[in-house]
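Summary of structural features
Below, each chain spelled out in residue letters.
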Amino acid sequence: MNRTVLVAVHTGRGAAVESARLVINRLVGAGINVRVLDTEARDIGCGGVEVVPSDDPGSAKDAEVMIVLGGDGSLLRSAELAKPAGTPLLGVNLGHVGFLAEAEVADLAAAVDSVVAGRYDVEERMTIDVLARQNGRVIADTWALNEVTVEKQERMLEVVAEIDGRPLSRWGCDGVICATPTGSTAYAFSAGGPVVWPEVEALLLVPISAHALFARPLVVSPRSTMAVEILPDTPGGVLWCDGRRRFELPSGSRVEVRRGAEPVRLARLHGVENTGAPFTDRLVAKFELPVQGWRGRVRP
């Protein structure tokens, strides 16, 4: 059976390119077909690989896994290719926090060997689907893995939030974040939202700098539909999806957010040091949380 792995890399970093070459050579040496994106192939400069278009979701079709070398931004970019094909993403962190990454660069060789040996599981992460309209005209029909934000451009926004077809509150604010549990450690966290464990099925609504008595982060049912309306005769805003895709929102726009029809799949490795850790351990490591003095469960 022929096996194929797609490799993507943040080519703006020299160390990342060297890491990509190590990954590719190790995979090719194991008899695995390797694909690289046409926008990255020249910088990587490896022979014996299949070059595929970076803007075609078909490039990830039938790939066993997509190995991404970079930070969370690189993983979010790669998710746009991997999601339609159902291809699992395996992130190797070359950035700072790297919450979505499964391995650190120090574990790179062992991570590749685990892929070669098939020692990994696949978990599904909830996504959100987004539809924005103005007077019935569709402005955006897209999705996100981390979050969707309705943000001001220059002046403060005047918005009304809605849950399941019922108005919740009106806010003068810098914006509103609609996030998944995966995105709870990203922009929503910076705006004061709660950390939600990835296996929890829920949606988050987090106002940004809202001028109101009731402006707390909310955790709602994954079956709910959230909406944010920019009031007519007030300044318009902008819609961001995962900080990557941007759409103008004129006054009177309405943004609806619901659980996505398709998840993003992430590969989780077996038997590699510093991988497969419980989410609690990831929080402690990524945020350098103080745990000195912890004794653990008392055992007889």
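Keep in mind the model is a prediction, meaning the values are calculated, not measured. Here, residues in each chain are numbered from 1, in the same order as that chain's written sequence. Note on the predicted model: pLDDT of at least 70 is required for a residue's local features to be given, and 80 or more for side-chain atom pairs to be given and counted; whole-chain, interface and lining totals, by contrast, use all residues. Side-chain figures throughout are based on the complete set of non-hydrogen atoms in the structure, without hydrogens or water.

1. Description of the overall build of the chain
For helices the rule is a DSSP run of H or I covering at least 4 residues; for strands it is a run of E covering at least 2, with both sets numbered from the N terminus onward. In terms of helices and strands, the chain carries six helices and 20 strands. Only protein chains enter the accessibility calculation, which uses a 1.4 Å probe; a residue is then buried when its area is under 20% of its type maximum, exposed when over 50%, and partly exposed in between. The buried share among the 300 residues of the chain stands at 49%. The criterion used for residue contact is that any of the two residues' heavy atoms lie within 4.5 Å. Of all intrachain contacts in the chain linking residues separated by at least 6 positions in sequence, the fraction that spans at least 24 positions is 66%. Of the accessible surface of the chain, which amounts to about 14,400 Å², a share of 49% is contributed by carbon and sulfur atoms. Residues counted as positive are Lys and Arg, residues counted as negative are Asp and Glu, and His and the chain ends are not counted. For charged residues, the charge sits on one atom: NZ in Lys, CZ in Arg, CG in Asp, CD in Glu. Put simply, the chain has 32 plus and 38 minus side-chain charges, and the middle of one group is 3 Å from the middle of the other. For the area figures, the Shrake-Rupley method with a 1.4 Å probe applies, and any residue is considered shielded solely by the protein chains shown.

2. What about the packing of aromatic side chains?
Any pair of aromatic rings gets described here by the distance separating the centres and the angle formed by the planes. Note on aromatic contacts: the rings of Phe and Tyr and the six-membered ring of Trp form a pair at centre separations within 6.5 Å, being stacked when their planes are under 30 degrees apart, edge-to-face when over 60 apart, and tilted otherwise. This structure, assessed with the given rule, holds four aromatic pairs. For the pair Phe99 and Phe279, a centre-to-centre distance of 6.1 Å together with 40° between the ring planes defines the contact as tilted. With Phe99 in the loop between β5 (89-93) and β6 (103-104) and Phe279 in helix α6 (residues 279-287), this residue pair connects regions lying 180 residues apart in the sequence. Taken together, the ring pairs in this structure connect Phe99, Phe189, Trp197, Phe279 and Phe287 into an aromatic cluster. Geometrically, a charge over a ring is one whose NZ (Lys) or CZ (Arg) sits within 6 Å of the ring centre while staying within 35 degrees of the ring normal. The cationic tip of Lys83 hangs over the ring face of Trp143; the distance from NZ or CZ to the ring centre is 4.4 Å. The ring centre of Trp143 lies 5.3 Å from the NZ or CZ of Arg245, which sits over that ring.

3. Some points on the packing of helix α1 (residues 14-29) against helix α4 (residues 108-117)
Running from N to C, α1 and α4 point in directions that differ by 30°, and their axes come no closer than 10 Å. Considering their axes alone, α1 and α4 lie roughly parallel with respect to each other. You can see that α1 and α4 cross each other, and the crossing is right-handed. Residues Ser19, Leu22, Val23, Arg26 and Leu27 of α1 lie in contact with α4, whose contacting residues are Leu108, Ala109, Val112, Asp113 and Val116. Each residue receives one of three labels: charged for Asp, Glu, Lys and Arg, nonpolar for Ala, Val, Leu, Ile, Met, Phe, Trp, Tyr, Cys and Pro, and polar for the others, Gly being one of them. Taken together, the residues of the contact of α1 with α4 break down into seven nonpolar, one polar and two charged. Fitted lines through C-alpha atoms give the axes, limited to the stretch in contact for helices. The angle between two N-to-C directions lies from 0 to 180 degrees. Each angle receives one of four descriptions, namely roughly parallel if under 35 degrees, roughly antiparallel if over 145, roughly perpendicular if within 65 to 115, and oblique otherwise. Two helices that cross are described as forming a left-handed crossing if the nearer one is turned anticlockwise from the farther one by less than a right angle, and a right-handed crossing if clockwise.

4. Examining helix α3 (residues 72-85)
Here the expected length of a helix is defined as 1.5 Å per residue gap, with one fewer gap than residues. With 14 residues, α3 should reach 20 Å at 1.5 Å per residue; the first-to-last C-alpha distance of 20 Å fits that figure. Within the sequence span of α3, burial applies to Ser74, Leu75, Leu76, Ser78, Ala79, Leu81, Ala82 and Lys83. The inward-facing, buried residues of α3 contact β1 (4-9), β2 (33-37), β4 (65-70), β5, β9 (137-144) and β20 (264-269). Directly beyond the C-terminal end of α3, a positive phi value near 70° is found at Gly86.

5. Observations concerning the pairing of strand β16 (residues 226-230)
A large share of β16 lies buried, amounting to four of its five residues. Taken together, the five bridges between strand β11 (residues 157-163) and β16 define a ladder with antiparallel strand orientation. What sits directly across from Val160, in β16, is Glu229. One ladder, built from four bridges, connects β16 with strand β19 (residues 254-259); its direction is antiparallel. Within the sheet, the bridge partner assigned to Val228 lies in β19 and is Val255. For two strands to pair, DSSP has to find at least two bridges joining them.

6. Focus: the sheet that holds strand β15 (residues 218-220)
Spatially, the six strands line up as an open sheet ordered β15-β14-β13-β10-β17-β18, and their pairing is antiparallel. The strands lining the two open edges of the sheet, one partner per strand, are β15 and β18 (245-249). Each strand of the sheet is rotated relative to its neighbour by a mean of 15°, with strand direction disregarded. For strand β14 (residues 203-208) and β15, the ladder comprises three bridges, and the chain directions are antiparallel. What sits directly across from Leu205, in β15, is Leu218.

7. Concerning the nonpolar core
Take the buried Ala, Val, Leu, Ile, Met, Phe, Trp, Tyr and Cys residues and link them wherever side-chain atoms come within 4.5 Å; each set so joined is a nonpolar core. Counting residues in hydrophobic clusters, the biggest one holds 29 residues, and the most contacted among them are Leu205 and Leu239. Per element, the largest residue contribution to this core is four residues, and it comes from β11. In contact with Leu239, not counting residues within four places along its chain, are Val130, Ala132, Ala140, Val148, Thr149, Val150, Arg245, Arg246, Phe247, Leu249 and Val255. Counting 28 residues, the second-largest nonpolar core is a separate cluster that includes Ala16, Val23, Leu90 and Val115.

8. What to know about the sheet that holds β9
Spatially, β9-β8-β19-β16-β11-β12 is the arrangement adopted by the six strands of the open sheet, whose pairing is antiparallel. In this open sheet, the two strands that pair with only one neighbour each are β9 and β12 (166-173). Neighbour-to-neighbour, the strand axes of the sheet open up by a mean angle of 20°, direction not taken into account.

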